[in-house]
Amino acid sequence: MSFLISLVVPVYNEAPIIAANLATILAAAGADDYALELIAVDDGSQDESAAEISRAADADARIRLIRLTRNFGKEAALHAGLAQAQGAAVIVLDGDLQHPPQLIAQMLAIWRSGVCVVEGIKSDRGHEALHHGLLARGFYGLLRRFGGLDLAGHSDFKLLDRVVVDAYLAFPEKQRFFRGMISWAAYPSAQIPFVVPERAGGGASHWSKLKLFAYAISNLTSFSSAPLRLVTYLGAATLLFGLVIGANSLLQKFEGRAISGFTTVNLLIIIIGGAILLSLGIIGHYLARLYDEVKGRPSYLIQPERKPPT
Ligand code: UDP
Ligand code: MG
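The notes below deal with the structure included here. (Residues numbered from 1 in each chain as written. Chains lettered and ligands numbered in written order. Predicted model: local features only at pLDDT ≥ 70, side-chain atom pairs only at ≥ 80, totals over all residues. Heavy atoms only, no water.)

### Some points on the packing of aromatic side chains
The description of two aromatic rings rests on the distance between their centres and on the angle between their planes. As enumerated under the stated definition, the model contains 10 aromatic pairs in all. Relative to tyrosine 34, the ring of phenylalanine 3 lies with its centre 5.8 Å away and its plane at 20°, an arrangement referred to as stacked. Taken together, the residues phenylalanine 3 in strand E1 (residues 3-11) and tyrosine 34 in strand E2 (residues 34-42) connect sequence positions 31 residues apart. Residue classification places tyrosine 34 among the buried residues on the basis of a relative accessible area of 11%. Considering the side-chain rings of phenylalanine 139 and tyrosine 140, the 5.1 Å spacing of their centres and the 50° angle between planes classify their relative orientation as tilted. Taken individually, phenylalanine 139 and tyrosine 140 each receive the classification buried, so the pair is uniform in this respect. Among the aromatic residues, ring-to-ring pairing joins Tyr168, Phe171, Phe178 and Trp184 into one connected group. Lying over the aromatic face of phenylalanine 72, arginine 70 brings its terminal NZ or CZ to 3.9 Å of the ring centre. Geometry around tyrosine 168 places arginine 176 over its ring, the cationic atom sitting 4.7 Å from the centre. (Phe/Tyr/Trp six-rings, centres within 6.5 Å; stacked < 30°, edge-to-face > 60°. Helix = DSSP H or I, 4+ residues; strand = E, 2+ residues; numbered from the N terminus. Buried < 20%, exposed > 50% of the residue type's maximum accessible area, 1.4 Å probe, protein only. Lys NZ or Arg CZ within 6 Å of the ring centre and 35° of its normal.)

Below, the structure written as structure tokens:
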């Protein structure tokens, strides 16, 4: 019996290393009784990545290039790749070899024993800055507390059974958090620990601190509406505080003691003003997410293959 295994690799500005890395991945994925396809999704790279992949695809029929029309972000690139993959199982991994392809054989063996999801778990976050690790831990802590998801150490390095891929693609959500959604779906899963190696061929991560922070906020709010409830608590707390101060002022008035301090007034304005602005910001954030989802724009678009009219 022969079946197909798909490899999905998102690629953004990896021209110097991508051809060699794709070859490494394919070699490591091996194939004795199954066929392989490798879908490289070029996420609107500004360098020669697409050309490099295209050349690799000409040389190796198992490689397929999908080009997005612009940089839509890694989540969108993953989505595009999953939508194109035909395999009985799909393995998602980075193009910079930070998800060791040597583990693919082990993932496949576990999948064959009947597990739907095999996840690569970072046992060591590699040479990451300390504050980066702390921020990540804080994010995962909040996500666990308020979103009910324990994602510490999780990565986008995963094998998904066809059933899981189809379920993932059937979600109507546009703004996706791959790791979170797969974990949330809770199919039977197994974990393989791995140590994150340095980026193959050097270069830097494409995620700036700001981009990571925005990604964290977006993912947190995609799995938890706790910040919205926070607005209510904030309102209740300020109301209570206001009541105490109000009662105190009234008492002073009736006792004939003129209200003396501007301190109280200042405090009230600052606290209430701050609480209102914060609340508006939180509500605005969810509103923006709703707005984006309601518009229903596709999360990515694929570059058409231009064929001259005949
Ligand atoms: N990537 C992408 N689109 C982006 C940013 C990154 O497809 O907008 C790809 C990138 O080419 C790589 C993977 O996603 O294959 C992980 O990116 P990177 O190595 O920059 O992130 P890190 O390893 O720091 O998580
Ligand atoms: Mg990387």
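### Let's talk about the site of ligand 1
The local shell around ligand 1 holds 16 residues, among which Asp43, Asp96, Gln98, Arg199 and Ser205 are the closest. Aspartate 43 is positioned such that a nitrogen or oxygen atom in its side chain is 2.6 Å from a nitrogen atom of ligand 1. Between ligand 1 and the protein, one listed contact pairs an oxygen atom with a side-chain N or O atom of arginine 199 at 2.6 Å. The residue makeup of the shell around ligand 1, split by class, is 4 nonpolar, 6 polar and 6 charged. (Near = heavy atom within 4 Å. Polar contact = N/O pair within 3.5 Å; in protein donor to acceptor, adjacent residues only side chain to side chain. Nonpolar A, V, L, I, M, F, W, Y, C, P; charged D, E, K, R; others polar.)

### A closer look at the coordination of the magnesium ion (ligand 2)
Every protein donor of the magnesium ion (ligand 2) is listed here as Asp96 (OD) and Gln98 (OE1), and their distances to the metal cover 1.9 to 2.0 Å. A residue is classified by how much of its surface remains accessible, and aspartate 96, at 4% relative accessible area, is buried. (Donors = N, O, S within 2.8 Å, 3.2 Å for Na, K, Ca; no water.)

### A short note on the sheet that holds strand E5 (residues 117-124)
If you trace the 7 strands from one edge of the open sheet to the other, you get E3-E2-E1-E4-E6-E5-E7, paired in mixed fashion. Only two strands of the sheet have a single partner each, and these edge strands are strand E3 (63-67) and strand E7 (189-195). The average undirected angle you get between the axes of adjacent strands in this sheet is 20°. In this sheet, E2 lies alongside E1 in parallel orientation, the contact comprising 9 bridges. By the bridge assignment for E2, leucine 7 is matched with leucine 38. Strands in contact with helix H3 (residues 74-84) are E1, E2, E3, strand E4 (89-92) and strand E6 (154-161); relative to E1, the strand with the most contacts, it is inclined by about 160°. On top of the sheet, helix H6 (residues 162-170) reaches E4, E5 and E6; it is set at about 115° to E6, its chief contact. (Pairing = 2+ DSSP bridges. Axes fitted to C-alpha atoms, helices over the stretch in contact; angles between N-to-C directions. Contact = heavy atoms within 4.5 Å.)

### Side note on the nonpolar core
Ranked by internal contacts, the top residues of the largest apolar core, which has 35 residues, are Leu82, Leu143, Leu160 and Phe178. Listing elements by their share of this core, those giving two or more residues are E2, H3, E4, helix H5 (130-147), H6, helix H7 (178-185) and helix H8 (209-223). Ranked by the residues each element gives to this core, the list is headed by H3, at 5 residues. With near-sequence residues (within four places) excluded, leucine 82 lies in contact with Val8, Val90, Val92, Leu160, Val165, Tyr168, Leu169 and Phe178. Judged by nonpolar contacts, the second largest core, of 34 residues, contains Leu7, Met107, Val118 and Phe157. (Core = buried A, V, L, I, M, F, W, Y, C linked by side-chain atoms within 4.5 Å.)

### What to know about the packing of helix H1 (residues 15-29) against helix H2 (residues 49-59)
The contact between H1 and H2 brings their axes to 8 Å, and the two run at 25°. In terms of orientation, H1 lies roughly parallel with respect to H2. Viewed along their axes, H1 and H2 form a crossing whose handedness is right-handed. Taking contact as the criterion, the partners of Ala15, Ile18, Ala19 and Leu22 in H1 are, on H2, Ser49, Glu52 and Ile53. By residue class, the composition of the contact of H1 with H2 is 5 nonpolar, 1 polar and 1 charged. (Parallel < 35°, antiparallel > 145°, perpendicular 65-115°, else oblique. Left-handed = near helix turned anticlockwise from the far one by under 90°.)

### Re the pairing of E7
Side-chain alternation along E7 places Ala190, Ile192 and Phe194 on a buried face and Ser189, Gln191, Pro193 and Val195 on a face that remains uncovered. The pairing of E5 with E7 spans 7 bridges and is parallel. Across the sheet, the residue bridging to glycine 120 is isoleucine 192, located in E7.

### Looking at the packing of H3 against H6
For the pair H3 and H6, the least separation of the axes is 10 Å and the interaxial angle reads 125°. As far as their axial angle goes, H6 and H3 are oblique. Taken as a pair, H3 and H6 cross one another with a handedness that is left-handed. Contacts between H3 and H6 involve Glu75, His79, Leu82 and Ala83 from the former and Val165, Tyr168 and Leu169 from the latter. Taken together, the residues of the contact of H3 with H6 sort by class into 5 nonpolar, 1 polar and 1 charged.

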